[in-house]
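So the chains spell out like this:
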Amino acid sequence: MTQTISRRDFLKMGAATAGALAVGSMLPPKVAQAARGAGHLNAEGDGFIPSMCEMCVWRCGLVAKVVDGKVVKLDGNPEHPHSRGKLCPRGQSGLMNTYDPDRVLTPLVRVGKRGEGLFRKASWEEALDIVAANMLKIKEQYGPEAMVFSSTHNLSQVQFENLLYAFGSPNYGTQRSLCFNAMITAFQLTYGVEEPARNYEDVEFILMVGRNMMEAISTSETGELAHAIDRGAKLVYLDPRYTKTASKATEWIPIRPGTDSAFLLAMINIITQNELADCDFVKKYTVGCDGIVAEMQKYTPAWAEQITGIPAATIERIAREYAAAKHNALAHPGWRTSNFINSFQTERAIATLNALSGNVLTAGGCLSAEVAAEGAGLGAPKQPPYPRISALRLDGAPWKYPLVPLKLGVFQELRDAILTGEPYQAHGWFISRQNPILSLPDRAKTLEAFGKMDFIATVDIIMNDTAWFSDVVLPEASYLERYDPLLPVGDKAFLRQPVVEPQGEAKSALWIYKQLGERLGLGDFFQYKDEEDYIRQQLKPLRVSLEEVIEKGYAEMPEEEDDGEITFNTPSGKIEIYSETLKNAGFSPWPTWEEPPMPKEDEFYLLTGKVAQHSQFGTQNNQLLHKYSDEPRLWMNAKTASQLGLEMDDWVAVTSAVGQVHTKLLATEAIRPDCVYLTAGYGHLSKGLKTAYGVGASDSALHVTYTDPISGGQALSQTFVTVKKA
């Protein structure tokens, strides 16, 4: 049963939950003193404190309104380029993460079987001692490589990685292979940059492939796109589903799943065969100029029509419109695109289209291949070199996946290696701010992998599904209760600072990693006294005090010199439409067509995606977001549903090769007849999430594991399902 909190109950929460929230019911001296010293609070403890959001990885600037020592409102910080004075629904609801009645407020140690939800409270000293003792035991018996570490990218990531590499394990699982491995790997190989920035100031033509920007987490970019559409830019959007982005597009093309690259290759065919590219740019800055015309000759619009179902005339018209916009055309890099094993080739085609338009790094161009390194220009605590690691990585990077960047990895393959015990058996798992049980494909496999672990520890603020199956849960302070390392954005380094004291006994990640590191004998890798000392060391090169940064919310960064030269961090120093690196690894050096599998006659493509009310798998227990969320249902084309004898809100059984879920049906014209759609992030197993438990169905319970051999990306939409009345 879902708990609900009214506005009156929320404002009274300090009194209503005095036992659990006593520490956080008033601003204590340390936080209040800093805030008053910076002029943020008055004598009564009321005022406004700048910080940064963490309801998604976009990390907008925020201003927290504090009344009687309690956060009552969050707004966008006009000084931050990601927020510009605004916050999305997720950002405005962030205070409910801090005041969630299901918060984990003390360290917990499991006393029942995994998944029973039986834990006892423990002190920090005991809990950290248990974690350290188990990690050291595994290290002694099986080697450091037998410990797996995984985390979703966050501002304290550098210290998480210090713990991982100092411990000596090569096994690092990130969320990236479930999201944008194909895009990053393709653009690194083509441009030498992970993810090029977009410039919408003068854009006239935008091509988007499966990037539902209007419901994405890139909030400032979403605003830029909306303004571009407002002033007349044309948006052509390829997606099998009529999303909110499709509703704002000039032209929506409901393409067959997995065939986006055929559409794009045919566009390249028209542009190259008819000499519509920016020839001067291509000749000067690309590798492959001499051979691309012959290589693309076979990918005609008529060929693509047979594959995509889109008329050849439509493909040719769009190609010519794109080319006519020249460097004011933008083929958006996207994140997931088609979500098939051939997504890497889709991204290579996107990168090629941008090169042909000459929009890269040119004056007023729509794409920038220069992205500053995270943390550039800031100081850091001293530390010794990491120990040499000789063990193979369980996920196959690079011995099985030679082109996958090590920091991306192949998370789903790491999980599968735990199950097979090859090339060796993992025995422990340390997880921070991540929920692999809900996010990895084939949930049954992940639960089986958890069952093979001798020990599992999780750092989080709530009892998510992964914490529910862990042995020790370490409660992290919410982003409104802690310091994190500085984040450079543009010409400023922004500060996340506490606006209230942590609830209960929750601690910052910087504190947790340092305490655990010292117990593991790795103290030299954590040479900072506390969070404030860490940030002071970051600020040292900038010659600015922490007190000044607390007051403004940011520090000014030195301007970077630009010599005006266009360079690319590739072996040739140019855009590599033709890649010797790919050729030497045994793959096609050109963007190429790879035929995707198709569902059987009685099967459907399973599509998944974001909604504006939630961030992936982490916000479904937020009561404010839950209040305004749509009921999670399975989308199916209305005519298809009628043919199957199904009606709106019928309960249906959705079955794949690896699992089955039951959910309600949404019959709609807004999806292709051969597809169904589930919103990700529902179907939680943890009964510790009283708002999210029992709501919706898990797409991860259905997804089959498919890994792209080039980028290591998981092909989520390559799962096919049957649908029957339950």
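The structure displayed is predicted, hence computed values, not measured ones.

**Student:** Explain the packing of aromatic side chains to me, and be specific about the residues and the numbers.
**Tutor:** In this structure the tally under the stated criterion is 25 aromatic pairs. A centroid spacing of 5.5 Å and a plane angle of 55° characterise the contact between Tyr165 and Tyr386, whose relative ring orientation is tilted. With Tyr165 in helix α8 (residues 157-167) and Tyr386 in the loop between β14 (367-368) and α18 (411-420), the pair connects residues that are 221 residues apart, well separated along the chain. On the accessibility criterion, Tyr165 (23% relative accessible area) is partly exposed. Looking at Tyr386, the relative accessible area reads 35%, which means it is partly exposed. Three or more aromatic residues joined by ring pairs make a cluster, and in this case those are Phe149, Phe160, Tyr165, Phe167, Tyr172, Tyr386, Phe430, Tyr513 and Phe525. The positively charged end of Arg241 is found above the aromatic ring belonging to Tyr677, 3.6 Å away from the centroid. If you follow Lys514 out to its NZ or CZ, it ends over the ring of Tyr528, 5.4 Å from the centre.

**Student:** Requested: an account of the nonpolar core, with residues and values cited.
**Tutor:** Core analysis: the biggest nonpolar cluster contains 99 residues, and Phe263 and Met267 have the highest contact counts within it. Tallying contributions element by element places helix α12 (residues 260-273) first for this core, with 9 residues. Contacts of Phe263, omitting those with residues within four sequence positions, involve Leu238, Ile253, Ile255, Thr308, Ile310, Ile315 and Ile318. The next biggest cluster of nonpolar side chains, apart from the first, holds 35 residues, and it includes Leu163, Phe430, Val459 and Leu516.

**Student:** Run through the domain arrangement of the protein, naming residues and quoting values.
**Tutor:** When the parts of a complex come together, some accessible area is lost, and that lost area is often taken as the interface size. For the protein, the assigned domains are domain 1 (7-98), domain 2 (108-178 + 378-556), domain 3 (197-368) and domain 4 (604-725). Computed over C-alpha atoms, the centres of domain 1 and domain 2 are 25 Å apart. In this assembly, 36 residues from domain 1 lie in contact with 31 residues from domain 2. Counting the surface lost from both domain 1 and domain 2, the interface buries some 2,700 Å², and carbon and sulfur atoms represent 62% of this. When the area that domain 1 buries against domain 2 is broken down by residue, the three leading residues are Met52, Glu54 and Thr98, summing to 23%. Inspection of the region where domain 1 meets domain 2 yields 3 salt bridges. In this structure, Glu54 and Arg482 form a salt bridge, with 2.7 Å as the shortest nitrogen-oxygen distance. The tally of links between domain 1 and domain 2 comes to 11 residue pairs in polar contact (both at pLDDT 80 or more). Among the secondary structure elements, those contributing two or more residues to the side of domain 1 that touches domain 2 are α3 (18-21), α4 (29-37), β1 (47-52), β2 (61-67), β3 (70-76) and α6 (95-98). Among the elements that make up the side of domain 1 that touches domain 2, the one with the highest residue count is β1 (4 residues).

**Student:** So what's going on with the environment of Leu510? Which residues, and what values?
**Tutor:** Relative to the helices and strands, Leu510 resides in helix α22 (residues 509-519). When the C-alpha atoms of Leu510 and Tyr483 are compared, they prove to be 8.2 Å apart, with 27 residues separating the residues in sequence. With sequence-adjacent residues up to four places away left out, Leu510 is seen in contact with Ser156, Gln159, Tyr483, Asp484, Pro485, Tyr528, Glu531 and Tyr534.

**Student:** How would you explain the environment of Ala228 if you had to name every residue and give the values?
**Tutor:** Among the secondary structure elements, Ala228 is positioned in helix α10 (residues 219-230). Residue class for Ala228 comes out buried when judged on its relative accessible area of 1%. When the C-alpha positions of Ala228 and Lys687 are compared, they lie 45 Å apart, and in sequence the two are 459 residues distant. Beyond its immediate stretch of four places on either side in the chain, Ala228 contacts Tyr200, Val203, Ile206 and Ala233.

**Student:** Could you give me a rundown of the sheet that holds strand β26 (residues 675-679), with the residues and numbers involved?
**Tutor:** Strand order in the closed barrel formed by 6 strands is β22-β26-β23-β25-β24-β27, and the pairing between neighbours is mixed. Averaged over all pairs of adjacent strands, the angle between strand axes in this sheet comes to 45°, irrespective of strand direction. In terms of strand pairing, strand β22 (residues 604-609) meets strand β27 (residues 720-725) through 2 bridges, oriented antiparallel. Note that in β27 the partner of Tyr605 across the bridge is Phe720.

**Student:** Residue-level account of the state of the cysteines, with values.
**Tutor:** As used here, a disulfide is simply a covalent bond connecting the sulfur atoms of two cysteines. Here the structure, examined in full by the defined rule, presents 0 disulfides. Cysteine Cys289 remains unbridged, with the sulfur of Cys279 as its closest cysteine sulfur at 7.4 Å. For Cys289, a relative accessible area of 24% corresponds to the partly exposed category. Free cysteine Cys675: the closest other cysteine sulfur is in Cys179, separated by 20 Å. Cys675 sits in the buried class, given a relative accessible area of 0%.

**Student:** Break down the environment of Pro170 for me, citing the residues and quoting the values.
**Tutor:** With respect to the helices and strands, the residue Pro170 is situated in the loop between α8 and β7 (172-173). Its relative accessible area of 9% is what places Pro170 among the buried residues. When near neighbours in sequence (up to four residues on either side) are disregarded, Pro170 contacts Glu145, Ile389, Ala391, Leu392, Arg393 and Tyr424.

**Student:** A description of the sheet that holds strand β10 (residues 234-238) should follow, citing residues and the corresponding values.
**Tutor:** The parallel open sheet is built from 4 strands, whose spatial order is β11-β10-β9-β13. Of all strands in the sheet, those with a lone pairing partner are β11 (251-253) and β13 (329-331), marking the two edges. Across the sheet, the mean angle separating the axes of adjacent strands is 10° when strand polarity is ignored. Relative to β13, strand β9 (residues 205-209) is paired through 3 bridges, and the arrangement is parallel. Opposite Ile206, over in β13, you have Leu330 as the bridge partner. Where helix α16 (residues 312-324) meets the sheet, its contacts fall on β9, β10, β11 and β13, and the angle it forms with β11 comes to roughly 135°.

Criteria and cut-off values
Here, residues in each chain are numbered from 1, in the same order as that chain's written sequence. Local features in a predicted model are, by the rule used here, given only for residues with pLDDT of at least 70; side-chain atom pairs are given and counted only at 80 or more, and totals for whole chains, interfaces and linings are based on all residues. Remark: hydrogens and water are excluded; side-chain values derive from all non-hydrogen atoms of the structure. Here a pair means two rings of Phe, Tyr or Trp (six-membered ring of Trp) with centres within 6.5 Å. Their orientation is stacked below 30 degrees between planes, edge-to-face above 60, and tilted elsewhere. A run of H or I in DSSP counts as a helix once it spans at least four residues, and a run of E counts as a strand once it spans at least two, with each numbered from the N terminus. Each residue is placed in one exposure class: buried if its accessible area under a 1.4 Å probe, protein chains only, is under 20% of its type's maximum, exposed if it is over 50%, and partly exposed if it falls in between. When the NZ atom of lysine or the CZ atom of arginine is within 6 Å of a ring's centre and also within 35 degrees of its normal, the charge is said to sit over that ring. Only buried Ala, Val, Leu, Ile, Met, Phe, Trp, Tyr and Cys residues count toward a nonpolar core, and they belong to the same one when joined by side-chain atoms within 4.5 Å. Residue contacts follow a heavy-atom distance rule, with two residues in contact if any of their heavy atoms lie within 4.5 Å. A domain assignment, automatic or from a database, supplies the domain bounds used here. As a working definition, buried area equals the accessible area (1.4 Å probe) given up by two parts on being put together, with both sides summed. Every case where a carboxyl oxygen of Asp or Glu lies within 4 Å of a side-chain nitrogen of Lys or Arg is listed as a salt bridge. We define a polar contact as two N or O atoms separated by no more than 3.5 Å, with the added condition that, inside protein, one atom must be a possible hydrogen donor and the other a possible acceptor, whereas residues neighbouring each other in sequence contribute only through side-chain atom pairs. Any two strands with at least two DSSP bridges between them are considered paired. Here, axes are lines fitted to C-alpha atoms. For helices the fit covers the stretch in contact, and angles between N-to-C directions go from 0 to 180 degrees. Note on terminology: pairs of cysteine sulfur atoms within 2.5 Å are recorded as disulfides.

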